[in-house]
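# Topology and contacts: notes
Listed below, chain by chain, are the residues.
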Amino acid sequence: MTLLETTLLAPLVGGLVLAVLGHRPIAGWINIGVGIITFGASLAMALDVFAHGPQLSPSRMFYIDAFNVYLVVLTAFVGLTTSIFSRPYMRHEVAIGRVTDRRLRLYHAMYQCFLFSMLLALSTNNLGVLWVAMELATLTTVLLVSLYRTPEAIEAAWKYFILCGVGIAQALFGTVLIYFAAENKLGAGRDDTLLWTVLHDAAASNLDPAVITLAFVFLLVGYGTKVGLVPLHNWLPDAHSEGPTPMSAVLSGLLLNVALYALVRVKMLVDASLNTNLAGHLMMGFGLLSFTVAGLFLHRQHDVKRMFSYSSIEHMGLITFGFGMGGPLATFGALLHMTVHSLTKSAIFITVGHACQLAGTQRIDQIRGLIRTQPAIGWGLLIGTVSIAGFPPFGVFISEFLLLMATMKEWPWLTIPLLVGFGVAFAGLFRHIQRMVFGEPPPGQLPVQANMLPVVLHLVLVLWLGLAIPMFLSRWFEQATVLITGASPL
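Attention here is on the structure that accompanies the text. Here the structure is a predicted model, which is why all the values come from computation and not from measurement.

Reading the values: rules and limits
Residues numbered from 1 in each chain as written. Predicted model: local features only at pLDDT ≥ 70, side-chain atom pairs only at ≥ 80, totals over all residues. Heavy atoms only, no water. Core = buried A, V, L, I, M, F, W, Y, C linked by side-chain atoms within 4.5 Å. Buried < 20%, exposed > 50% of the residue type's maximum accessible area, 1.4 Å probe, protein only. Helix = DSSP H or I, 4+ residues; strand = E, 2+ residues; numbered from the N terminus. Contact = heavy atoms within 4.5 Å. Patch = residues over 30% accessible without salt bridge, like charges linked within 9 Å, V, L, I, M, F, W, Y side chains within 5 Å. Areas by Shrake-Rupley, 256 points an atom, 1.4 Å probe, with all protein chains shown as cover. Salt bridge = Lys/Arg side-chain N within 4 Å of Asp/Glu carboxyl O. Axes fitted to C-alpha atoms, helices over the stretch in contact; angles between N-to-C directions. Left-handed = near helix turned anticlockwise from the far one by under 90°. Nonpolar A, V, L, I, M, F, W, Y, C, P; charged D, E, K, R; others polar. Expected span 1.5 Å × (residues − 1). Polar contact = N/O pair within 3.5 Å; in protein donor to acceptor, adjacent residues only side chain to side chain. Phe/Tyr/Trp six-rings, centres within 6.5 Å; stacked < 30°, edge-to-face > 60°. Parallel < 35°, antiparallel > 145°, perpendicular 65-115°, else oblique.

This part covers the nonpolar core. Nonpolar side chains in soluble globular proteins generally cluster together in the buried interior. If you look at the biggest cluster of nonpolar residues, it comprises 167 residues, and the most contacted ones within it are Tyr 223, Leu 260, Val 304, Phe 308, Phe 323 and Leu 381. Broken down by element, the residue count for this core peaks at 19 residues, all from helix α10 (residues 245-274). Setting aside anything within four residues of it in sequence, one finds Phe 308 in contact with Lys 345, Ile 348, Phe 349, Val 352, Leu 381, Thr 385, Leu 429 and Ile 433.

Structure (structure tokens):
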């Protein structure tokens, strides 16, 4: 488990170092260096798991399998690329006076602590530690959202803290109920009752159906708040629009995945215990509602970051719908969609951050002519939007196609709402984007220093996944699908 320890300790130690040095010019490079170490260790660990199967730590507190290890690698990778973008972006924020040296130090320290909390949530075998890690992610995000200390940022941070605090309290009660059900089955006085590996074996012997069902309802509300499922989504657009853009990239591309991962882990316990798809039906309902409502709200936005935050709600709703539907094809498509959405949406937010610096505003009606003033930013935003809208040959098209095919097979009458939702979301995005990219630039609009390397890298990967999913990644998703559903997609 040395590689796992490195993966977890690198951002934790990096956060402590940056709490001291985070205001200095070298801090951006330290942030990148920590990201390289974290990603390298996570990738080596993933290859080991892929070759030798799941790994359980000697203390049984950490468990790595095909499902969470790929999310660990994805989290470390997006964290690294976002830190590359973050270095010049935050120096620009300091130069224009939006961020002081003290707040820059806070930003760098909380960035690494945020990554640590997500990696801990993904790798722990203990549902109680999972809840603690999600709460830690909440607290670090509050500090990042309020970084600019404007009235709007403070309001968004408090809104995030209160709504997610209430949600995480519901998740705590659900976790307690799972402990109660397991203790009744396994016996009192044990110290391993909340370990997922123990619970999964116990669930096969049928935990108390009434208790485990009630527990899932509380966990769905609690972790669903963190996923951004409608009607628990109100914190997400404000947090995206008022916080620094690198935070928006990792929040949308990573934290939502981690919360949904926690929900799917619990669903596996409920399915094994009840031998019904009750949990899946609840997830399908919330997912389809989120997918539909968020697509409609895309049309009413005036802030570009709020617009793409609703796009995140739409896609997380679709992924939740896929996991809820279950079955090999839908689960494989949901896993793929988690990957391509994270890569594409983080690339979009990076581009949007540069576009807002170029225009000096986040208002959609004042961002014009990007492709004329700075073609790299204009093309990056256009291609990213084309990708997230599900156009071929990008990977989002493949994952959405798989989910659509699974729906036609299992729930054919839901195919029409999905198709309508895709069309509404497409119209909502492009009614704004085409003017931002191709409109007449305002006088005096000058190029800014932009680091588009992460954008190019992410979009190339998404294009690659749309043209041909690599064999190793396909087998990886198949192993995770078998773990979640018990059946191979082939």
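Moving on, we get to a nonpolar patch on the surface. Taken together, the side chains of Leu 139, Ile 154, Trp 158, Phe 161, Ile 162 and Val 166 present a nonpolar region at the surface, about 540 Å² in accessible area. For the nonpolar patch, the element with the highest residue contribution is helix α6 (residues 151-186), accounting for 5 residues. Along the chain, the position of Trp 158 falls in helix α6. Since its relative accessible area comes to 51%, Trp 158 is described here as exposed.

Its place among the elements puts Thr 339 in helix α13 (residues 328-359). Residue classification places Thr 339 among the buried positions, given a relative accessible area of 7%. Setting aside residues up to four positions removed in sequence, Thr 339 forms contacts with Tyr 70, Leu 74, Leu 465 and Phe 477.

Here we take up unusual backbone geometry. Note the cis peptide between Val 230 and Pro 231, where omega equals 10°. A cis amide bond links Pro 392 to the next residue, Pro 393, at an omega of 10°. Although it is not a glycine, Arg 60 adopts a positive phi angle of roughly 65°. Within the chain, Arg 149 stands out as a residue other than glycine whose phi angle is a positive 60°.

A few words on the packing of α13 against helix α15 (residues 375-388). Contact geometry for α13 and α15: axes closest at 9 Å, N-to-C directions at 150°. The handedness of the crossing between α13 and α15 is left-handed. Together, His 341, Thr 344, Lys 345, Ile 348, Thr 351, Val 352, His 354, Ala 355 and Leu 358 of α13 and Ile 377, Gly 380, Leu 381, Gly 384, Thr 385, Ser 387 and Ile 388 of α15 make up the contact between the two elements. Of the residues in the contact of α13 with α15, the class split is 7 nonpolar, 8 polar and 1 charged.

We now examine helix α12 (residues 304-325). Its 22 residues give α12 an end-to-end C-alpha distance of 32 Å, which sits within 8% of 32 Å, the value for a rise of 1.5 Å per residue. The buried fraction of α12 amounts to 21 of the 22 residues, a majority that puts the element mostly inside the structure. At the N-terminal end of α12, a side-chain oxygen is found 2.8 Å from the backbone nitrogen of Lys 305, two or three residues along, and the residue is Asp 303. Positive backbone phi, approximately 70°, marks Gly 326, located one or two places after α12.

Right, let's talk about helix α16 (residues 395-410) for a bit. Its 16 residues give α16 an end-to-end C-alpha distance of 23 Å, which sits within 8% of 22 Å, the value for a rise of 1.5 Å per residue. Of all the residues in α16, the buried ones are Gly 395, Val 396, Ser 399, Glu 400, Leu 402, Leu 403, Leu 404, Ala 406 and Thr 407.

The geometry of an aromatic ring pair is captured by the separation of the ring centres together with the interplanar angle, meaning the angle of the planes. For the structure shown, the criterion picks out 19 aromatic pairs. Between Phe 291 and Phe 422 the ring centres are 5.4 Å apart and the planes differ by 80°, which places this aromatic pair in the edge-to-face class. In this pair, Phe 291 is assigned in helix α11 (residues 278-297) and Phe 422 in helix α17 (residues 415-438), connecting sequence segments 131 residues apart. Of the two residues examined, Phe 291 and Phe 422, each falls in the buried class. Seen in terms of ring centroids, Phe 308 and Phe 349 are 6.4 Å apart; in terms of plane orientation they differ by 70°. Their pairing is edge-to-face. Within this pair, whereas Phe 308 is found in helix α12, its partner Phe 349 is found in helix α13, the two being separated by 41 residues in sequence.

With respect to the helices and strands, Glu 314 occurs in helix α12. When its relative accessible area of 3% is taken as the criterion, Glu 314 is described as buried. Sequence separation of Glu 314 and Gly 295 is 19 residues, and the distance between their C-alpha atoms is 6.1 Å. Excluding residues that lie within four positions of it along the chain, Glu 314 makes contacts with Ser 290, Phe 291, Ala 294, Gly 295, Leu 298, Gly 421 and Ala 425.

For the rest of this paragraph, the subject is the packing of helix α8 (residues 209-227) against α11. Here α8 crosses α11 at 20°, and the two axes come no closer than 11 Å. When the axis of α8 is compared with that of α11, the two are roughly parallel. In terms of crossing hand, the pair formed by α8 and α11 is right-handed. Residues Thr 213, Phe 216, Val 217 and Leu 220 of α8 touch α11, and the partners they reach there are Leu 278, Ala 279, Leu 282, Met 283 and Phe 286. Looking at side-chain class alone, the contact of α8 with α11 contains 8 nonpolar, 1 polar and no charged residues.

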